[in-house]
Amino acid sequence: MKRILALSMILLLGLSGSVWAYSINYSFAVDGTGNGYTSPYAGASVESFDSVYWNGSAWVGFDLFMGMTGSGDFVTGSVANNYAAPYGISGPDSTQYVTVPQPFDPGFSTGMSFFAFLPGTYNYLGLWWGSVDTYNEIRFYSQGSLTPHTIITGPAAINPSTANGNQTAPSTNLYVNILDLPDFDSFEMRSTNYAFEADNIAVMYVPEPATMFLLALGLIGITGIRRKM
């Protein structure tokens with residue numbers, strides 16, 4: 001029993017430094033258009049932006065978001081030197097997507113960012129990220145504060161591929177799944193140039209590896225106790 005407890009403590013100490021180490025993969029499912037990428041995870045909530053429109057004073061019609069602020073725009077197609085539709089299986093996204101920044105308005109004080117408010121708390125974000133570039137960045141927040149170690153840049157998101165903004169290359173137009181994040185209830189897409197494009201943004205709460213590991217340790221401990229009895 002003492003050996004089991006000692007092993008548990010060693011494993012817990014080793015785990016404590018990596019609890020918030022997020023992971024990234026590029027798995028995807030094909031969306032309803034037959035050309036685009038979406039989250040591969042059953043149970044994920046997805047914002048497709050297909051129903052979003054401007055009602056004269058605000059953007060409405062979100063499937064997932066509770067609201068948004070910032071300089072994001074919702075567009076289809078591509079406009080040279082402004083935005084390019086994310087490239088999919090055999091061609092560009094034919095549906096509506098978000099782009100940051102919109103054509104720059106010098107009077108718009110919030111600058112080049114899109115801030116999305118979510119209906120709950122999550123630790124997974126997935127997005128069909130188009131023409132990933134060095135000046136693209138995602139930030140995660142909880143109750144208005146930036147969560148720890150979760151400013152993810154374009155180069156970090158697709159390493160070892162080069163984030164060079166190529167508008168058609170598979171290496172820079174892919175579905176990016178970011179898992180094991182600290183709990184967040186909002187996120188921000190930033191760009192310091194034209195542009196940051198994304199579609200089919202997905203969120204979900206996934207049991208943390210640390211939690212599952214602790215449960216496994218508990219089961220090991222119980223097994224050891226039963227054997228002693």
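Residues numbered from 1 in each chain as written. Predicted model: local features only at pLDDT ≥ 70, side-chain atom pairs only at ≥ 80, totals over all residues. Heavy atoms only, no water.

A. Expanded view of the sheet that holds strand E12 (residues 136–142). The sheet built from 5 strands is open, its strands ordered E7-E10-E15-E12-E13 with antiparallel pairing. Unpaired on one side and paired on the other, strand E7 (67–70) and strand E13 (145–153) mark the two borders of the sheet. Sheet twist, expressed as the mean angle between neighbouring strand axes with direction ignored, is 20°. Summarising the sheet, E12 and strand E15 (residues 184–191) pair through 6 bridges and their orientation is antiparallel. (Pairing = 2+ DSSP bridges. Helix = DSSP H or I, 4+ residues; strand = E, 2+ residues; numbered from the N terminus. Axes fitted to C-alpha atoms, helices over the stretch in contact; angles between N-to-C directions.)

B. View of the pairing of strand E11 (residues 124–130). Here E11 lies mainly inside the structure; 7 of its 7 residues are buried. Of the two faces of E11, the one holding Tyr124, Gly126, Trp128 and Gly130 and the one holding Leu125, Leu127 and Trp129 are both buried throughout. Sheet topology places E11 next to strand E16 (residues 196–204); 6 bridges connect them, and they run antiparallel. Across the sheet, leucine 125 pairs through a bridge with valine 203, a residue of E16. Strand direction decides the pairing type here: E11 and strand E14 (residues 174–179), joined by 5 bridges, are antiparallel. (Buried < 20%, exposed > 50% of the residue type's maximum accessible area, 1.4 Å probe, protein only.)

C. Region of the structure containing the pairing of strand E9 (residues 97–100). In E9, alternate side chains face the same way, and those of Tyr97 and Thr99 on one face and Val98 and Val100 on the other are all buried. As paired strands, strand E8 (residues 73–75) and E9 are joined by 3 bridges and run antiparallel to one another. Bridge pairing in E9 links aspartate 73 to threonine 99. Here E9 pairs with E16 via 3 bridges, running antiparallel. Its bridge partner lying in E16, threonine 99 is registered against glutamate 197.

D. Here's a closer look at the side chain of asparagine 173. Here asparagine 173 is to be found in the loop between helix H2 (154–158) and E14. You can call asparagine 173 buried: its relative accessible area is 1%. Engagement of the side chain of asparagine 173 in a polar contact is seen with the backbone nitrogen of serine 131, the distance being 2.9 Å. At a separation of 3.0 Å, a polar atom in the side chain of asparagine 173 contacts the main-chain carbonyl oxygen of alanine 169. (Polar contact = N/O pair within 3.5 Å; in protein donor to acceptor, adjacent residues only side chain to side chain.)

E. Broad picture of unusual backbone geometry. Following valine 100, the chain continues into proline 101 via a peptide bond in cis, with omega recorded as -5°. On the secondary structure map, proline 101 appears in the loop between E9 and strand E10 (113–122). Of the consecutive residues asparagine 159 and proline 160, the connecting peptide bond is found in the cis state with omega at 15°. Here proline 160 shows up in the loop between H2 and E14. Phi at aspartate 180 takes a positive value of approximately 65°, unusual for a residue other than glycine. Along the chain, aspartate 180 turns up in the loop between E14 and E15.

F. Fine view of the confidence of the model for the chain. Summary statistics for the chain give a mean pLDDT of 83 and a share of 77% for residues scoring 70 or more. Every residue in residues 2–18 is under pLDDT 50, and counting partners more than four places away or in other chains gives 10 contacts. (pLDDT = per-residue confidence, 0-100. Contact = heavy atoms within 4.5 Å.)

G. Spatial organisation of the packing of aromatic side chains. Going through the model one piece at a time under the given rule, you end up with 18 aromatic pairs. Considering the side-chain rings of phenylalanine 62 and phenylalanine 74, the 5.7 Å spacing of their centres and the 70° angle between planes classify their relative orientation as edge-to-face. A residue pair is termed long-range when its members are at least 10 positions apart, and phenylalanine 62 in the loop between strand E6 (59–60) and E7 and phenylalanine 74 in strand E8 qualify at 12 residues. Of the two residues, phenylalanine 62 and phenylalanine 74, neither departs from the other in class, the shared state being buried. Look at phenylalanine 65 and phenylalanine 114: their rings are 6.0 Å apart centre to centre, the planes differ by 50°, and that puts the pair in the tilted class. Residue phenylalanine 65 is found in the loop between E6 and E7, and its partner phenylalanine 114 is found in strand E10; the two are separated by 49 residues along the sequence. Taking the relative accessible area as the measure of exposure, phenylalanine 114 reaches 0% and is therefore buried. Members of the aromatic cluster, connected to one another through ring pairs, are Phe49, Trp54, Trp59, Phe62, Phe65, Phe74, Phe114 and Phe187. (Phe/Tyr/Trp six-rings, centres within 6.5 Å; stacked < 30°, edge-to-face > 60°.)

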